[in-house]
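# Examining the three-dimensional arrangement
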Amino acid sequence: MIHEITPIAHIHTEFSSKFGIPRQSGLVEELKGTIIFEPEYCDPQALRGLDGFSHIWLIWLFSESVCREWSPTVRPPRLGGNTRMGVFATRSPFRPNSLGLSSVRIEHVEENHPKYGPVIQVAGADLMDGTPIFDIKPYVPQADSHPQALGGFSANVADYRLQVEIPENWLWQIPEEKQEALKKVLAEDPRPAYQKEAGRVYGFSFAGREIRFQVNGNVLTVCGVEKTW
């Protein structure tokens, strides 16, 4: 018998679209998120004991990449977008059940938020705003950490971080407490791996602002910031 699963919560983050989101959780610790529970699961008792853990696992839905048909192979972006690997050897969103798995750090467990009731404040999330969450499990270091684990083909991917330049006239338009997170998001190179045109202007939404940038060589320069609300 197959049990139909439904979301227990949604997460609020700074990304209103999937472009620009870090490709893995934990890459940008400065990114904050708030887990807000659905009414059926809005019970502080469900969080009892969670404040003793530093990290949690989130099981969630790639809500913008749900596939009607699946493919046994996909093209990982960090391999240039042309090399195919088995879908189960990747973390591609294009999978049979479109499920994502992220490890995030707990910043604060709040049992009685004035608007939402119990919420969990987290850091390092790689999820789009409004992403449905199906389950939350504690990260258990003695079982979940494997320092000697092999990274497969991902271990051979070259460091792709960019040098980020944000002119002052654009930087001041970003709230100060979110500037470092934005810089690290940009340093991870949000561009699709198959698009490396020098001088091309890219853009994505972050913290209620459209961030536009160009990349030349290893230098990414922000060339525009505009409020979207």
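Below is a summary of the structure that appears in this document. In this text, all values refer to a predicted model and were calculated from it rather than measured experimentally. (Residues numbered from 1 in each chain as written. Predicted model: local features only at pLDDT ≥ 70, side-chain atom pairs only at ≥ 80, totals over all residues. Heavy atoms only, no water.)

## Considering the overall build of the protein
Our working definition: Strands are runs of DSSP state E lasting at least 2 residues, helices are runs of H or I lasting at least 4, and numbering of each runs from the N terminus. Between the two quantities, the radius of gyration covers C-alpha atoms and the globule rule is 2.2 Å times the number of residues to the power 0.38. Whether a residue is buried, partly exposed or exposed follows from its accessible area with a 1.4 Å probe, protein chains only, as a fraction of its type maximum: under 20%, in between, or over 50%, in that order. Values of accessible area rely on a 1.4 Å probe in the Shrake-Rupley scheme; residue burial ignores everything except the protein chains shown. Residues scored as charged are limited to Lys and Arg (positive) and Asp and Glu (negative), so that His and the chain ends carry no count. For this purpose, a charge sits on NZ of Lys, CZ of Arg, CG of Asp or CD of Glu.
Check the secondary structure of the protein and you find three helices and 12 strands. In summary, the protein has a C-alpha radius of gyration of 19 Å against a globular reference of 17 Å for 229 residues, a match within 12%. For the protein, the proportion of its 229 residues judged to be buried stands at 38%. For the protein, the accessible area works out to roughly 13400 Å², and carbon and sulfur atoms hold 52% of it. Both charge centroids of the protein, one from 23 positive and one from 28 negative side chains, sit 7 Å from each other.

## Overview of the layout of surface pockets
This is how the line gets drawn: Buried and open spaces are told apart on a 1 Å grid over the protein atoms alone, a cavity being a set of points where a 1.4 Å probe fits but cannot get out and a pocket being an open set with protein on both sides within 12 Å along at least five of seven lines. Residues with an atom within 4 Å of a point are the lining residues. Grid points are joined across faces, edges and corners, and a volume is the space filled by probe spheres set on the points.
Of the pockets and cavities examined, the second largest pocket occupies roughly 160 Å³. Every residue lining the second largest pocket is listed: Ile-8, Phe-37, Tyr-41, Asp-43, Ala-46, Leu-47, Leu-50, Phe-53, Ile-120, Ile-136, Lys-137 and Pro-138. No other element matches the three residues that strand 8 (residues 132-138) contributes to the lining of the second largest pocket.

## Concerning the pairing of strand 2 (residues 32-37)
Sheet faces and side chains relate simply in a regular strand, where the side chains alternate between the two faces. Where we set the bar: Note on pairing: DSSP must find at least two bridges between two strands before they are called paired.
Counting buried positions over the six residues of strand 2 gives five, a clear majority of the element. Here strand 1 (residues 9-12) pairs with strand 2 via four bridges, running antiparallel. When the bridges of strand 2 are listed, His-12 appears paired with Thr-34. Direction of pairing for strand 2 relative to strand 7 (residues 117-123): antiparallel, over a ladder of five bridges. Each bridged residue has a counterpart across the sheet, and for Lys-32 the counterpart in strand 7 is Ala-123.

## Section: the sheet that holds strand 12 (residues 219-227)
Put simply, the test is: Throughout, an axis means a line fitted to C-alpha atoms (over the contacting stretch in the case of helices), and angles, computed between N-to-C directions, take values from 0 to 180 degrees. The contact criterion used is simple: two residues touch if any of their non-hydrogen atoms lie within 4.5 Å.
Taking strand neighbours across the sheet as the criterion, the four strands line up as 9-12-11-10 in an open arrangement whose pairing is mixed. Strand pairing shows two members of the sheet lacking a second neighbour, strand 9 (163-165) and strand 10 (202-206), which therefore form its edges. Strand-to-strand twist of the sheet, defined as the mean angle between neighbouring strand axes without regard to direction, takes the value 30°. Pairing of strand 11 (residues 209-216) with strand 12, which is carried by eight bridges, proceeds in the antiparallel orientation. Considered in strand 12, the bridge of Arg-212 is made with Gly-224. On top of the sheet, helix 3 (residues 176-187) reaches strand 9, strand 10, strand 11 and strand 12; it is set at about 145° to strand 10, its chief contact.

## Digging into the nonpolar core
Cut-off, in case you're wondering: The definition of a nonpolar core used throughout is a set of buried Ala, Val, Leu, Ile, Met, Phe, Trp, Tyr and Cys residues joined through side-chain atoms within 4.5 Å.
Among the nonpolar cores identified, the biggest contains 23 residues, and Leu-182, Leu-186, Phe-204, Phe-206 and Ile-211 are the most heavily contacted of them. Only helix 3, strand 10, strand 11 and strand 12 provide two or more residues apiece to this core. Of all the elements, helix 3 adds the most residues to this core, at four residues. Leaving out residues up to four positions away in the same chain, Phe-206 has contacts with Glu-14, Phe-15, Leu-31, Lys-178, Ala-181, Leu-182 and Ile-211. In this structure, Phe-62, Ile-120, Ala-125 and Ile-133 belong to the second largest nonpolar core, which totals 20 residues.

## A short note on helix 3
Condition: Multiplying 1.5 Å by the residue count of a helix minus one yields the expected span of that helix.
Between its terminal C-alpha atoms helix 3 stretches 18 Å, which fits the 16 Å expected from 12 residues at 1.5 Å a residue. Those residues of helix 3 that fall on the buried side of the exposure criterion are Gln-179, Ala-181, Leu-182, Val-185, Leu-186 and Ala-187. Looking at the packing, one finds that the buried side of helix 3 touches strand 9, helix 2 (168-171), strand 10, strand 11 and strand 12. One or two residues past the end of helix 3 sits Asp-189, with phi positive at roughly 65°.

## Brief notes about the pattern of salt bridges
The condition is simple: By salt bridge we mean one thing: a side-chain nitrogen of Lys or Arg within 4 Å of a carboxyl oxygen of Asp or Glu.
On inspection of all chains with the given rule, the structure shows nine salt bridges. Among the ionic pairs, Glu-29 bridges to Arg-105, the shortest N-O distance being 2.7 Å. A residue pair is termed long-range when its members are at least 10 positions apart, and Glu-29 in the loop between strand 1 and strand 2 and Arg-105 in strand 6 (residues 99-113) qualify at 76 residues. Among the salt bridges present, the one from Glu-226 reaches Arg-212, with a minimum N-O distance of 3.5 Å. Of this pair, Glu-226 sits in strand 12 while Arg-212 sits in strand 11; the two residues are 14 residues apart in sequence, bridging distant segments of the chain. Salt bridges here are not isolated pairs; linked through shared partners, they connect Glu-29, Lys-32, Arg-105 and Glu-107.

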